[in-house]
Amino acid sequence: MAIERTLSIIKPDAVAKNVIGQIVSRFENAGLKVVAARLTQLSRAEAEGFYAVHAARPFFKDLVDFMISGPVFVQVLEGEGAILKNRDLMGATDPKKAEKGTIRADFAESIDANAVHGSDAAETAAVEIAYFFPALNVYSR
Ligand code: RTP
Ligand code: MG
């Protein structure tokens, strides 16, 4: 499998719970490397732009309100099959349906406050990484 990069966001609920380190450890233990990262407060415009694909969905306003409710930890993860690996580590969107041992099963409260975001395909990963990290700020090692 190829080395890939994916965008991960630790959402405001998980940052507020003080579990950034525990979540990053799960990525590291699964062989993913953090190659870019920052703690940031998203503006409404940034959150709306990031989730633009969901703009017509009924949950869009709640999603944006939640994403700007506190700081988020945005990171680029790199490794073999990083996109799918990250999604597997995250678990299902609704934590009630997430498999035991996944990040959402262990740290998320609800489908809205669900601890993490992860890119869902190569195309979206490329767009999402570029959205938060200009190429010069990504460090392979
Ligand atoms: P994400 O983009 O945050 O990684 O989550 P995902 O791929 O698992 O889910 P997606 O379908 O992309 O939805 C984005 C976020 O919108 C919220 N959502 N709410 N109430 C609902 O039916 C509903 N559906 C989605 C979730 O917070 C989800 O993470
Ligand atoms: Mg998604």
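Model, not experiment: these values are computed from the prediction.

Conventions used here
- Residues numbered from 1 in each chain as written.
- Chains lettered and ligands numbered in written order.
- Predicted model: local features only at pLDDT ≥ 70, side-chain atom pairs only at ≥ 80, totals over all residues.
- Heavy atoms only, no water.
- Helix = DSSP H or I, 4+ residues; strand = E, 2+ residues; numbered from the N terminus.
- Buried < 20%, exposed > 50% of the residue type's maximum accessible area, 1.4 Å probe, protein only.
- Contact = heavy atoms within 4.5 Å.
- pLDDT = per-residue confidence, 0-100.
- UniProt positions renumbered as here; feature names shortened; annotations may be inferred.
- Phe/Tyr/Trp six-rings, centres within 6.5 Å; stacked < 30°, edge-to-face > 60°.
- Lys NZ or Arg CZ within 6 Å of the ring centre and 35° of its normal.

Novice: Whenever I open this one, the environment of Ala92 confuses me. Can you help?
Specialist: Tracing the chain through its elements places Ala92 in the loop between helix 5 (82–90) and helix 6 (103–107). For Ala92, a relative accessible area of 29% corresponds to the partly exposed category. As a C-alpha pair, Ala92 and Phe60 span 32 residues in sequence and 18 Å in three-dimensional space. Filtering out sequence-adjacent residues up to four positions away, Ala92 remains in contact with Lys97, Ala98 and Arg104.

Novice: Explanation requested: the confidence of the model for the protein chain in the structure shown.
Specialist: Should pLDDT be low for a region, the predicted coordinates there are not to be read in detail. Here the protein chain averages 96 in pLDDT, and 97% of its residues register 70 or above. Across the interfaces of the predicted complex, the ipTM metric reaches 0.95, alongside a pTM of 0.96.

Novice: Please clarify how the UniProt feature "active site" (unreviewed entry) in the protein chain should be interpreted in this entry.
Specialist: Taking the numbering used here, the UniProt-annotated feature "active site" (unreviewed entry) corresponds to His117. Structurally, the position occupied by His117 is in strand 4 (residues 116–118). Apart from residues lying up to four places away in sequence, His117 is in contact with Leu7, Ser8, Ile9, Lys11, Phe50, Tyr51, Asn86, Met90, Arg104 and Glu128.

Novice: Any chance you could explain the packing of aromatic side chains here in plain terms?
Specialist: Two aromatic rings, taken as a pair, are described by how far apart their centres are and by the angle between their planes. Tallied over the entire structure, the rule returns 4 aromatic pairs. Between Phe50 and Tyr131 the ring centres are 6.0 Å apart and the planes differ by 50 degrees, which places this aromatic pair in the tilted class. Separated by 81 residues along the polypeptide, Phe50 in helix 3 (residues 44–50) and Tyr131 in helix 7 (residues 122–132) bring together distant segments of the chain. With centroids separated by 5.3 Å and ring planes inclined at 45 degrees, the aromatic side chains of Phe50 and Phe132 adopt a geometry described as tilted. Of this pair, Phe50 sits in helix 3 while Phe132 is found in helix 7, placing the two residues 82 residues apart along the sequence. Of the residues examined, Phe50 reaches a relative accessible area of 9% and is grouped as buried. Among the aromatic residues, those joined into a ring-pair cluster are Phe50, Tyr51, Tyr131 and Phe132. Seen from the ring of Phe133, Arg38 lies directly overhead, with NZ or CZ sitting 4.9 Å from the centre.

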